[in-house]
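Examining the three-dimensional arrangement
Chain by chain, the residues run as shown.
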Amino acid sequence: MTATAQTPRRTATPDRTVTFRIKRCDGPGKPSYWQDFRVKVPKNSNVISCLQQIAAEPVTAGGERVTPVVWDSGCLEEVCGACTMVINGKVRQSCSCLIDDYAPADGDVITLEPMSKFPVVRDLWVDRSRLFHNLARIKAWVPIDGTYDLGAGPKETPASQATHYVLSTCMSCGCCLEACPQFNLEEDRDQWDSSFIGAHAISQARLFNAHPTGSELKPDRLDVLMGEGGVNDCGNAQNCVQVCPKHIPLTESIASIGRQVTLHAISKFFRG
Ligand code: SF4
Ligand code: SF4
Ligand code: FES
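Residues numbered from 1 in each chain as written. Chains lettered and ligands numbered in written order. Predicted model: local features only at pLDDT ≥ 70, side-chain atom pairs only at ≥ 80, totals over all residues. Heavy atoms only, no water.

Our next topic: helix 3 (residues 129–137). Here helix 3 has its buried residues at Arg130, Leu131, Asn134, Leu135 and Arg137. Down the axis of helix 3, the sector holding all buried residues measures 155°, keeping them to one side. Contacts from the buried residues of helix 3 go to helix 5 (175–179), helix 6 (199–210) and helix 7 (218–225). Phi turns positive one or two residues past the end of helix 3, at Lys139, with a value near 50°. (Buried < 20%, exposed > 50% of the residue type's maximum accessible area, 1.4 Å probe, protein only. Helix = DSSP H or I, 4+ residues; strand = E, 2+ residues; numbered from the N terminus. Arc of directions from axis to C-beta. Contact = heavy atoms within 4.5 Å.)

Okay, here's the thing in structure tokens:
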């Protein structure tokens with residue numbers, strides 16, 4: 001019989017006070033600063049519900065009334081990726097981050113910071129435009145010509161559906177980019193097309209290249225991925241796969257696209 005080591009989970013004290021140490025910024029290009037807020041936390045609270053409390057009563061631990069902390073969110077169920085931030089040093093979604101796990105005792109501290117690889121709009125809200133730009137670079141879509149009835153689409157086997165379903169769960173949250181040593185903050189839009197594209201885009205290229213209709217754009221995608229900032233810029237540090245909240249096999253996708261790019265380059269060479 002194999003014994004599994006498990007980290008003992010501390011039981012949360014009900015209605016305790018937790019300090020939120022928040023890295024704030026008043027707008028693009030402005031300097032960052034830290035502020036502490038004390039929040040009375042009921043059981044089963046998440047980070048967003050505590051931020052809502054702070055927004056309703058924006059008074060620091062030192063008693064100073066300040067502007068409400070700004071953050072982004074949408075679905076509140078770990079589907080849209082908008083609420084992603086760095087919590088106690090680890091990137092993740094704040095809507096699914098339960099305070100009972102992070103700060104079970106009275107007086108515990110939780111730090112909140114915006115992701116560092118995207119420009120800050122304000123406080124914890126970042127601009128993820130580059131992430132979506134990179135999806136457009138690899139044409140992360142299935143080309144259909146119009147919205148009229150196109151008839152039945154090509155068939156996919158259950159086995160290929162099972163392989164590709166997990167890839168389709170990417171919510172463009174940016175965790176894989178935040179953790180990647182090859183992906184850096186780049187505010188100059190002119191540099192976006194030549195800097196590393198990121199694991200999320202590589203994985204979506206794998207998904208759409210495998211789709212019977214999406215594969216029409218495969219050569220265009222591979223042209224981008226064999227160029228500057230493409231798959232060869234991946235340093236294989238594998239940080240991305242460790243932080244992906246959807247458990248997408250990103251390193252498998254990187255290896256798969258690496259092979260596709262090699263074959264594409266050879267075929268281009270022989271076609272002249
Ligand atoms: S494996 Fe590649 S994409 Fe993933 S974190 Fe490492 S360098 Fe970045
Ligand atoms: S691959 Fe994972 S970590 Fe990266 S954007 Fe998609 S869901 Fe987020
Ligand atoms: S609000 Fe959508 S993932 Fe958290």
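Read on, since the account is not over.
On to the pattern of salt bridges. The tally for this structure, following the rule as stated, stands at nine salt bridges. For Asp36, the salt bridge is made with Arg21, and the minimal N-O distance between the two is 2.9 Å. In this pair, Asp36 is assigned in strand 2 (residues 32–41) and Arg21 in strand 1 (residues 16–25), connecting sequence segments 15 residues apart. Here Arg21 falls in the partly exposed class, since its relative accessible area comes to 33%. (Salt bridge = Lys/Arg side-chain N within 4 Å of Asp/Glu carboxyl O.)

A separate point is the sheet that holds strand 2. Pairing is mixed across the open sheet formed by five strands, whose spatial order is 2-1-5-3-4. Among the strands making up the open sheet, the edge pair consists of strand 2 and strand 4 (90–93). Neighbour-to-neighbour, the strand axes of this sheet turn through a mean angle of 30°, independent of strand direction. Sheet topology places strand 1 next to strand 2; ten bridges connect them, and they run antiparallel. Bridge assignment links Phe20 to a residue of strand 2, and that residue is Phe37. Sitting on the sheet, helix 1 (residues 47–56) is in contact with strand 1, strand 2, strand 3 (84–87) and strand 5 (109–113), with an inclination near 100° to strand 2. (Pairing = 2+ DSSP bridges. Axes fitted to C-alpha atoms, helices over the stretch in contact; angles between N-to-C directions.)

A word on the site of ligand 1. Every one of the 13 residues lining ligand 1 counts as a neighbour, but Cys180, Cys234, Ala237, Gln238 and Cys240 are closest to it. Broken down by class, the residue content of the shell around ligand 1 amounts to eight nonpolar, five polar and no charged. (Near = heavy atom within 4 Å. Nonpolar A, V, L, I, M, F, W, Y, C, P; charged D, E, K, R; others polar.)

Per the domain assignment, the segments making up the protein chain are domain 1 (16–126) and domain 2 (129–145 + 154–271). Look at where the C-alpha atoms of domain 1 and domain 2 centre, and you get two points 31 Å apart. Of the residues lining the interface, 14 residues belong to domain 1; the matching set on domain 2 comes to 15 residues. Contact with domain 2 buries surface across domain 1, with Val91, Lys117 and Phe118 losing the most and accounting together for 47% of the total. For the pair domain 1 and domain 2, the interface holds zero salt bridges. Linking domain 1 to domain 2 there are five residue pairs in polar contact (both at pLDDT 80 or more). The set of elements that each furnish at least two residues to the side of domain 1 that touches domain 2 consists of strand 3 and strand 4. The biggest single contributor to the side of domain 1 that touches domain 2 is strand 4, with three residues. When grouped by side-chain class, the residues that make up the side of domain 1 that touches domain 2 number seven nonpolar, four polar and three charged. (Domains from an automatic or database assignment. Buried area = accessible area lost by both parts, 1.4 Å probe. Polar contact = N/O pair within 3.5 Å; in protein donor to acceptor, adjacent residues only side chain to side chain.)

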